[in-house]
Amino acid sequence: MASLIVLDANTGKVLYAKNEQIGLATASTLKTITAATAFSLLGKDFQFQTTLAYSGNITPDGTLKGNLIVIGSGDPTLASWRYQNKENTVLNKWVEAIRLAGIKKVDGAVIGDDRIFGTQTTPEGWVWQDIGNYYGAGTSGLAWRENQFDIHLKPGGSTSDAARLIKTVPETPYIQIVNELKTGASGTGDRSYAFLPPYSSVAYLRGSWGMGISKSGISVALPDPALDCAYRLQDTLKRLGINTTQPATTARLLTLNNQAIPSPTQKINTITSPSLSEIAYWFLKKSINLYGESLLKTIALKSGKAATTAKGAETEINYWAAKGIDKSAMNIIDGSGLSPGDRVTTHAMATVLYQIQKETWFPDFYKALPEYNGMKIKSGTINDVSAFAGYHTDAAGNKYVVVINVNNYSGSGINKKLFNVLDALK
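These numbers come from a predicted model, not from an experiment.

1. Overview of the packing of helix 1 (residues 30-42) against helix 6 (residues 276-285)
- Following both chains from N to C, one finds helix 1 and helix 6 inclined at 175°, their axes separated by 11 Å at the closest point. Taken as axis vectors, helix 1 and helix 6 run roughly antiparallel relative to one another. On the side of helix 1, the interface is formed by Lys31, Thr32, Thr34, Ala35, Ala38, Phe39 and Leu42, while helix 6 contributes Leu276, Ser277, Ala280, Phe283 and Leu284.
- Here the contact of helix 1 with helix 6 is built from residues that sort into eight nonpolar, three polar and one charged.

If you want it as structure tokens, here you go:
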């Protein structure tokens, strides 16, 4: 099934349309609607804030009779390598704040407070094969390093050998990795998948790792980002001689074990995220699924609802319905488009793209769109889905909104064929 629509970007007039009212799986083109909604409801200058605090009190000899607590706000960029607040930078800031507070020992634990987004990390409808891998990393109220870690691998000498697991980066001693990877034939590359459910401590690596591959390994979704954050801080403190008496934990784990979550008595540091404009730049440019899911939950939260995927999607649909888009044209169940269950018409998506051009934040949105085939356009690909959504300015200066989506195609080279269609539209 193919659906295509072209609008005059100045007037909104439909110049060409085919099957434009049929809802199709969107893949990552859905990110255009998520980003537009986030800009509209949060504002381009919106920032997340992560707070470091402690409970209890500090004795004259520098012993904290209590816990260090990292309070998350859902910031998906905390400790990301893409921005200023990289992992070591954040840890150094926290260590400095702890030392300035006079803490030399912790008679308690480091706690990652991940409550703000609840316990459901991945949206309903996501595919099991995706969930354990970096692009299928779920949200966390306390996200950390884009909720992923790396596993370094090495192929064997022949296809009868197992692929070797070299190490994890960083080290994750609390995760047991069961390596079932085979060595693939030369030229087969990366056909590996990690099966690692949220909150699990056991990962299974399945598939193959090809001989002659140039990559060092794969990136895998962190099963419990808040725990990893607390663990990294505790481990850093330990290496600096500031010991804790209890293992790192999270608010979720404390609740699970019927333990009280300590109340902070003093805040000692705040990490502020990049602006939404900066987040949206990477969200659209690199198609980071985690950002879409985090933004959708934040949209719900800022609208006075529970910070769930479902409430975020409901808020998003209602927002655009109030602007004249048919609700039935937007069956949205996540923020990134990774779910094969999303169904949006190309007409609805094109209408959103047309309407947002008048917004003050539109230049930031436009800047974030990737450039393909000489067009500012977002691509989307999941199994049997290939789609594009964005803008084109022709040589004469005429501007167009273009959305094209193909579902359930057979054969290969679909993107090349779609580029031929986009070329024809020029």
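2. Digging into the sheet that holds strand 9 (residues 148-154)
- Strands sit in the order 10-9-15 across an open sheet of three strands; the sheet is antiparallel. Either end of the sheet is taken by a strand with one partner, and the two such strands are strand 10 (164-169) and strand 15 (217-221). Looking at each pair of strands side by side, their axes are set apart by 30° on average, direction ignored.
- Where strand 9 and strand 15 come together, five bridges link them in antiparallel fashion. Each bridged residue has a counterpart across the sheet, and for His152 the counterpart in strand 15 is Gly217.

3. Quick look at the packing of aromatic side chains
- Counted by the stated rule, this structure contains 14 aromatic pairs.
- For the pair Trp128 and Phe195, a centre-to-centre distance of 5.3 Å together with 55° between the ring planes defines the contact as tilted. Of this pair, Trp128 sits in helix 3 (residues 128-131) while Phe195 sits in strand 13 (residues 190-195), and the two are 67 residues apart along the sequence.
- Consider the rings of Tyr134 and Tyr135, whose centres lie 5.5 Å apart with planes at 90°: the pair is edge-to-face.
- The cationic tip of Arg206 hangs over the ring face of Phe195; the distance from NZ or CZ to the ring centre is 5.0 Å.
- Sitting over the ring of Tyr199, Arg252 keeps its end group 3.6 Å from the ring centre.

4. Digging into the side chain of Gln355
- Among the secondary structure elements, Gln355 is positioned in helix 9 (residues 346-355).
- Polar side-chain contacts of Gln355 include one of 3.1 Å to the backbone oxygen of Lys323.
- For Gln355, the contacting residues outside a window of four places in its chain are Trp320 and Lys323.

What counts as what
Residues numbered from 1 in each chain as written. Predicted model: local features only at pLDDT ≥ 70, side-chain atom pairs only at ≥ 80, totals over all residues. Heavy atoms only, no water. Axes fitted to C-alpha atoms, helices over the stretch in contact; angles between N-to-C directions. Helix = DSSP H or I, 4+ residues; strand = E, 2+ residues; numbered from the N terminus. Parallel < 35°, antiparallel > 145°, perpendicular 65-115°, else oblique. Contact = heavy atoms within 4.5 Å. Nonpolar A, V, L, I, M, F, W, Y, C, P; charged D, E, K, R; others polar. Pairing = 2+ DSSP bridges. Phe/Tyr/Trp six-rings, centres within 6.5 Å; stacked < 30°, edge-to-face > 60°. Lys NZ or Arg CZ within 6 Å of the ring centre and 35° of its normal. Polar contact = N/O pair within 3.5 Å; in protein donor to acceptor, adjacent residues only side chain to side chain.

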